[in-house]
Amino acid sequence: MSQPGVPASGGALTGLQAQNGAASASGSPYTNGPIHNELMSSQGYNSQLPGSYSHLIPAKTLNPISVQSKYGGSQTVSPLSNYQGPGQTLHRPPVASNPVTPSLHSGPVPRMPQHASQNPAATPVPSGSFHPGANVSPPLNWQYNYPSTGLQTNHGPLVSSGPAMSGNTNLTTGHHYVSSGDPSLQNNFIKSGSAPPMVNSPLPTTFQPGAPLPPPPMGGPPLVRALTTQKSSQGAGPQPLFSSAVSQEATPQLTNKNTTVSRSVGYSYPSLPPGYQNATAPSAAGMPPSSLSYPSGPQAFTQTPLGANHLTASMSGLSLHPEGLRVVNLLQERNMLPPTPLQPPVPNLHEDIQRLNCNPESFRCTLTNIPQTQALLSKAKLPLGLLLHPFKDSVQPPVVTSSTIVRCRQCRTYINPFVSFLDQRRWKCNICYQVNDVPEEFMRNPLTRIYGEPHKRPEVQNATIEFMAPVEYMLRPPQPPVYLFVFDVSHNAVETGYLNSVCQSLLNNLDSLPGNTRTKIGFITFDSTIHFYSLQEGLSQPQMLIVSDIEDVFMPMPENLLVNLNESKELVQDLLKTLPQMFTKTLETQSALGPALQAAFKLMSTSGGRMSVFQTQLPTLGVGALKPREEPNHRSSAKEIHLTPSTDFYKKLALDCSGQQVAVDLFLLSGQYSDLASLCCISRYSAGSVYYYPSYHHQHNPVQVQKLQKELQRYLTRKIGFEAVMRIRSTKGLSIHTFHGNFFVRSTDLLSLPNVNPDAGYAVQMSVEENLTDTQLVSFQSALLYTSSKGERRIRVHTLCLPVVSTLNEVFLGADVQAISGLLANMAVDRSMTASLSDARDALVNAVIDSLSAYRSSVLSSQQPGLMVPFSLRLFPLFVLALLKQKSFQTGTNTRLDERIFAMCQVKSQPLFYLMLTTHPSLYRVDNLSDEGALNISDRTVPQPPVLQLSVEKLSRDGAFLLDTGSVLMLWVGKNCGQNFLSQVLGVQNYASIPHTMTDLPELDTPESARTIAFISWLREQRPFFPILYVIRDESPMKANFLQNMVEDRTESALSYYEFLLHIQQQVNK
Ligand SMILES: [Zn+2]
């Protein structure tokens, strides 16, 4: 079995600059070959910490596969130099004192065993499939952490996320809270702001005296931090902000009486988490409530009685269920999937802190227990990073209007629930520990109108809040909403019939486009020439202007091409009605997309705004013309496929767009290869979105037509932010080094987002640069400054607070497996680009092996047989296997290149919730729904069928099964499905009469119908767009799509879950 095949590099070599992100901020050139300077890290995850773990890991089984042979660093790369972008490591200057010598693996390198068909026994390795001297391949593992240079953090003084904000707060101006006459805003405060004020109450009193204690421990370690609060009779404190933050696995908060209690919880656990025992408990029982130590920061200080929201030094809010302390043998416990959708872990914080914490739907961390040192983080072999969904529109944060936005004068952090008040007039920053003055106007609580309650202000009561920004935050007057639509009208485009759908959708939603009286709109169409449309008010009909010189596009009458929507609405409607007919006879097959984009950019460059581009083929004319690169024979292999752009034209144009506050959204509707790898750069770097409808046809593919309609509806009417920037700050000692998502990294940590939309997710990787030994809590704050469609400048701030731990066990206990898998997926996309798909796949597998090996060797005291994993990571192998079978990373199938690229774009830009649903969908049996365990939501009974394992073993022909993949719901009806379901839910007489295309369930007057519809509606209500439902018969061509999601099963080219576990076990137990 074990043959040498692919030498891997040792630790930190091959600092290939990302093609997708091009070169570094410091201008390091991209080179095509291997780079032996380990300091130029590639994407940040194969960089090296000086002297640390260097991936000279024990070699794992080697199973060389010819089709997956090394694809080294020297692939076709265009010199997209001097730009930074998504997935791009911030390159720091090389530091002489960081002499890591690249060490090469000479031995065999771990590889995942392949299924028999690809096994070396069956497929001999062709000689010469790898040239050791030619390419040094990146390590097959990830080094998650960035070398500490000590030169740069993101905490520089006066780094402002708002332009030109003075460092001084204005102490004299009065604040203007939103008028109390505005009920919506006032409600905002009340709703998510705070509970009724508890004037001078010593502490919030959410402890329930006398509550029963959990079962006594079985020799486990004490896991409850000393509790140091006073019992109070004030009753329950404020309601938790988010019910979703409460894990289903969390027991009710452990409760304590009023003294310091140290308690053991849990089953026999192999090693002690001393951090829990050593928890600082500065205030002892009986200490006056007025004297509370704040846990964070280098020095202790006392706090005067300020009321309810104070942080205490204690962190007794143990949120781990004893189950959470369990060690699981995955080979014995095969189904660890919870019956209800997996919830994020709740950070182990005192409940008074956790109550104020950010909703994990907006902001979460891969490790809810932050390791104290880089050494500890490296030991865990888990990636440290944040996943953000900052502009989520189902979140309605309180809005604060104040002439002074209180920020740290040193690091510009916004005041937040996790700062500490030294006294009424001074607060200490939780990011940099600077002590700041409390401005006079902040002394008055706008809710109670009481003076002297700075700690009860909404800014200090809400981890998510939105500020109305004063003029200091504006570089120019807020831009009007500008929407430009660019349509492909070539013969191919006309054939698909898309124009009709899009124009109709625009007509339907014209009045719902976010905006105000300043909204502007314009249209460009193109084939081999470019067509502009004058929509000037007063014209009797739109005027079409054709420009045939695509070399240097001349802009006719630019002032009449982007017009005020209100003033020219009739002309716009006229145009939308005529456009679909205008080109029906066209014979023009060429596509001058590049020149059309240049023209569109020129048109928008003075205003900024959103450009929506619809393209149906490979661009063939002028700048940006592309050639077919897909070789169908290579589809099934993981080598030499063109994942990177073939030209830098789209990226450069995107950066020009970004500079002028223009974002480009690309809708690709094409049955042919269109080189999405090149085209998607136009959106990736301009902070746009990519939509893809393979084989779109108005008649032949009604399913795609409906999908486009639903998605356009969402696209056109969803919230939008213009001219945005986002900055993420983290407590001193932590450093953010790599960003994932669609944006441009303008300066070290400032993300430029010409548009921000509520469906965009982001991820960042972090390292521990300075020891956090003096700190018990760390915070992360994201601040998004944007212009609303109403022309207001606003700042949306999210702050997340997490505990710091000192033991490996605690790090593992707090692992958030979904966030970890999501971050790894982002890293794997980058790895696919910079190295190869097979490298990325290997790195994913090794991420599991390395972390579980670390757990086994460093945490477990006795070496038991089996595959022992901490409860927190019980789904890690499953999720990684699901990633390997996801379209982005799968092999051995006929995944078309554009589809793969699109899947990768989705990985990089989707919020975690959707990424996980796409990767590991939820499967339910729905032909036997009952009211048992159902939810009652406003008079509706919503059944809650258990989530099933993704295996055909769970399916049966006599049932009906619903698969929720996030944007699509698939209802597979078995051939022998009960008559009851067919007639009472589907409304058909028998199986044969189920329509071949069915995307709606009839509303029948039967309890079965009501239950099914209630369940599906409930799933849909949890997302902002409308997932389409496909009813799939057994012989339907879509059945393959459905079955593809059964990730626990073996396929031609991929292992089953059990085989995968055996492989992992074999590697871990070496
Ligand atoms: Zn600060």
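The present account deals with the structure reproduced in this document. (Residues numbered from 1 in each chain as written. Predicted model: local features only at pLDDT ≥ 70, side-chain atom pairs only at ≥ 80, totals over all residues. Heavy atoms only, no water.)

### Points about the overall build of the chain
Turning to step 1, where the next piece is worked out: Within the chain, the secondary structure is distributed over 23 helices and 31 strands.
Turning to step 2, where the next piece is worked out: When burial is assessed residue by residue, the chain has 65% of its 1070 residues classed as buried.
Turning to step 3, where the next piece is worked out: Considering only residue pairs separated by 6 or more positions, the chain has 80% of its internal contacts joining residues 24 or more positions apart. (Helix = DSSP H or I, 4+ residues; strand = E, 2+ residues; numbered from the N terminus. Buried < 20%, exposed > 50% of the residue type's maximum accessible area, 1.4 Å probe, protein only. Contact = heavy atoms within 4.5 Å.)

### Overview of the side chain of serine 490
Turning to step 1, where the next piece is worked out: Structurally, serine 490 can be placed in the loop between strand E10 (482-488) and helix H6 (491-496).
Turning to step 2, where the next piece is worked out: For serine 490, a relative accessible area of 0% corresponds to the buried category.
Turning to step 3, where the next piece is worked out: There is a polar contact of 2.9 Å between the side chain of serine 490 and the side chain of aspartate 488.
Turning to step 4, where the next piece is worked out: Excluding its chain neighbours within four sequence positions, the residues that come into contact with serine 490 are Phe526, Asp527, Thr586, Glu588, Thr589, Gln590, Thr616 and Gln617. (Polar contact = N/O pair within 3.5 Å; in protein donor to acceptor, adjacent residues only side chain to side chain.)

### As for the side chain of serine 505
Turning to step 1, where the next piece is worked out: For serine 505, the location among the structural elements is in helix H7 (residues 498-509).
Turning to step 2, where the next piece is worked out: Overall, the relative accessible area of 7% leaves serine 505 in the buried class.
Turning to step 3, where the next piece is worked out: Discounting residues that sit within four places of it in the chain, serine 505 has contacts with Gln709, Leu712, Gln713 and Leu716.

### A look at the environment of valine 829
Turning to step 1, where the next piece is worked out: Within the secondary structure, valine 829 sits in helix H15 (residues 817-834).
Turning to step 2, where the next piece is worked out: With 72 residues separating them along the chain, valine 829 and isoleucine 901 place their C-alpha atoms 9.4 Å apart.
Turning to step 3, where the next piece is worked out: The contacts of valine 829, once residues within four sequence positions are left out, are Phe889, Met904, Val907 and Lys908.

### Description of the coordination of the zinc ion
Turning to step 1, where the next piece is worked out: The zinc ion binds to the protein through Cys408 (SG), Cys411 (SG), Cys429 (SG) and Cys432 (SG), with metal-donor distances spanning 2.2 to 2.3 Å.
Turning to step 2, where the next piece is worked out: The coordination sphere of the zinc ion comprises four donor atoms, whose angles at the metal cover 101 to 116°; the geometry is tetrahedral.
Turning to step 3, where the next piece is worked out: Along the chain, the residues donating to the zinc ion fall in the pattern C-x2-C-x17-C-x2-C.
Turning to step 4, where the next piece is worked out: Classification of cysteine 429 as buried rests on a relative accessible area of 1%.
Turning to step 5, where the next piece is worked out: Residue cysteine 432 is classed as buried on the basis of its relative accessible area, which comes to 8%. (Donors = N, O, S within 2.8 Å, 3.2 Å for Na, K, Ca; no water. Tetrahedral: all angles 85-135°; square planar, octahedral: opposite > 155°, others 65-115°.)

### Points about the environment of serine 695
Turning to step 1, where the next piece is worked out: With respect to the secondary-structure elements, serine 695 resides in the loop between strand E17 (690-694) and helix H13 (702-717).
Turning to step 2, where the next piece is worked out: Given a relative accessible area of 35%, serine 695 falls into the partly exposed group.
Turning to step 3, where the next piece is worked out: Residue contacts for serine 695: discarding those within four places in its chain leaves Ser670, Gly671, Asn701, Gln704 and Arg896.

### Some words on the sheet that holds strand E31 (residues 1028-1032)
Turning to step 1, where the next piece is worked out: The strand order across the open sheet formed by four strands is E26-E29-E30-E31, and the pairing between neighbours is mixed. Strands with a single pairing partner mark the edges of an open sheet, and in this sheet they are strand E26 (922-925) and E31. Strand-to-strand twist in this sheet, taken as the mean axis angle between neighbours without regard to direction, amounts to 20°.
Turning to step 2, where the next piece is worked out: Examined bridge by bridge, strand E29 (residues 960-964) and strand E30 (residues 968-973) share five bridges and lie antiparallel to one another. In the sheet register, leucine 962 faces E30, and the bridge partner there is leucine 971.
Turning to step 3, where the next piece is worked out: The strands touched by helix H20 (residues 979-986) are E29 and E30; relative to E30, the strand with the most contacts, the crossing angle is about 140°. (Pairing = 2+ DSSP bridges. Axes fitted to C-alpha atoms, helices over the stretch in contact; angles between N-to-C directions.)

### Let's talk about helix H8 (residues 569-582)
Turning to step 1, where the next piece is worked out: For H8, with 14 residues, the first-to-last C-alpha span of 20 Å sits near the 20 Å given by 1.5 Å per residue.
Turning to step 2, where the next piece is worked out: Looking at the buried residues of H8, the elements they touch are E10, H7, strand E11 (520-526) and strand E12 (530-534). (Expected span 1.5 Å × (residues − 1).)

### Some thoughts on the sheet that holds strand E7 (residues 426-428)
Turning to step 1, where the next piece is worked out: Strand order across the open sheet formed by three strands is E6-E7-E8, with antiparallel pairing between neighbours. Looking at which strands have only one partner, the edges of the open sheet turn out to be strand E6 (420-423) and strand E8 (435-437). Each strand of the sheet is rotated relative to its neighbour by a mean of 35°, with strand direction disregarded.
Turning to step 2, where the next piece is worked out: Here E7 runs beside E8; their pairing, made up of three bridges, is antiparallel. Within E8, the residue paired with lysine 428 across the bridge is valine 435.

### A closer look at the pairing of E31
When a strand is regular, its side chains alternate between the sheet's two faces.
Turning to step 1, where the next piece is worked out: Among the five residues of E31, five are classified as buried, and the element is accordingly described as predominantly covered.
Turning to step 2, where the next piece is worked out: Side chains Ile1028, Tyr1030 and Ile1032 project from E31 onto one buried face, and the interleaved Leu1029 and Val1031 project onto a second face that is buried too.
Turning to step 3, where the next piece is worked out: Judged from the five bridges that link them, E30 and E31 form a sheet pairing that is parallel. Across the sheet, valine 968 pairs through a bridge with isoleucine 1028, a residue of E31.

### Concerning the packing of helix H16 (residues 837-858) against helix H23 (residues 1057-1068)
Turning to step 1, where the next piece is worked out: Remark: H16 packs on H23, axes separated minimally by 9 Å, with the N-to-C direction vectors making an angle of 50°. When the interaxial angle is binned, H16 and H23 end up oblique. Crossing hand, H16 versus H23: right-handed. Between H16 and H23, the residues in contact are Val845, Val848, Ile849, Leu852, Ser853 and Arg856 and Phe1060, His1063, Ile1064, Gln1067 and Val1068, respectively. (Parallel < 35°, antiparallel > 145°, perpendicular 65-115°, else oblique. Left-handed = near helix turned anticlockwise from the far one by under 90°.)

### So, the nonpolar core
Turning to step 1, where the next piece is worked out: One finds Leu971 and Leu986 to be the most contacted residues of the largest nonpolar core, which totals 203 residues.
Turning to step 2, where the next piece is worked out: Aside from chain neighbours lying at most four places away, what touches leucine 971 is Val926, Ala960, Phe961, Leu962, Phe981, Leu986, Leu1001, Leu1029, Tyr1030, Val1031 and Ile1032.
Turning to step 3, where the next piece is worked out: Ile521, Leu576, Leu712 and Tyr715 belong to the second largest nonpolar core, which has 37 residues in total. (Core = buried A, V, L, I, M, F, W, Y, C linked by side-chain atoms within 4.5 Å.)

### Quick look at the packing of helix H9 (residues 593-604) against helix H10 (residues 649-659)
For any two helices packed against each other, the geometry comes down to the angle between their axes and how far apart the axes lie.
Turning to step 1, where the next piece is worked out: H10 packs onto H9 with a crossing angle of 10° between their chain directions and a minimal axis gap of 11 Å. It follows from the interaxial angle that H9 and H10 lie roughly parallel. Along its contact with H9, which presents Leu593, Gly594, Leu597, Gln598 and Phe601, the element H10 presents Phe649, Tyr650, Leu653, Asp656 and Cys657.
Turning to step 2, where the next piece is worked out: For the contact of H9 with H10, the residue count by class is seven nonpolar, two polar and one charged. (Nonpolar A, V, L, I, M, F, W, Y, C, P; charged D, E, K, R; others polar.)

### A word on the packing of aromatic side chains
Turning to step 1, where the next piece is worked out: Applying the stated criterion to the full structure yields 23 aromatic pairs.
Turning to step 2, where the next piece is worked out: Both rings, one in phenylalanine 487 and one in phenylalanine 523, keep their centres 6.4 Å apart while their planes meet at 25°; by these two values the pair is stacked. In this pair, phenylalanine 487 is assigned in strand E10 and phenylalanine 523 in strand E11, connecting sequence segments 36 residues apart.
Turning to step 3, where the next piece is worked out: Among the residues examined, phenylalanine 487 registers a relative accessible area of 0% and is labelled buried.
Turning to step 4, where the next piece is worked out: With relative accessibility at 1%, the residue phenylalanine 523 sits in the buried group.
Turning to step 5, where the next piece is worked out: Following the ring pairs from residue to residue traces out a cluster consisting of Phe485, Phe487, Tyr498, Phe523, Phe614, Phe667, Tyr691 and Tyr715. (Phe/Tyr/Trp six-rings, centres within 6.5 Å; stacked < 30°, edge-to-face > 60°.)

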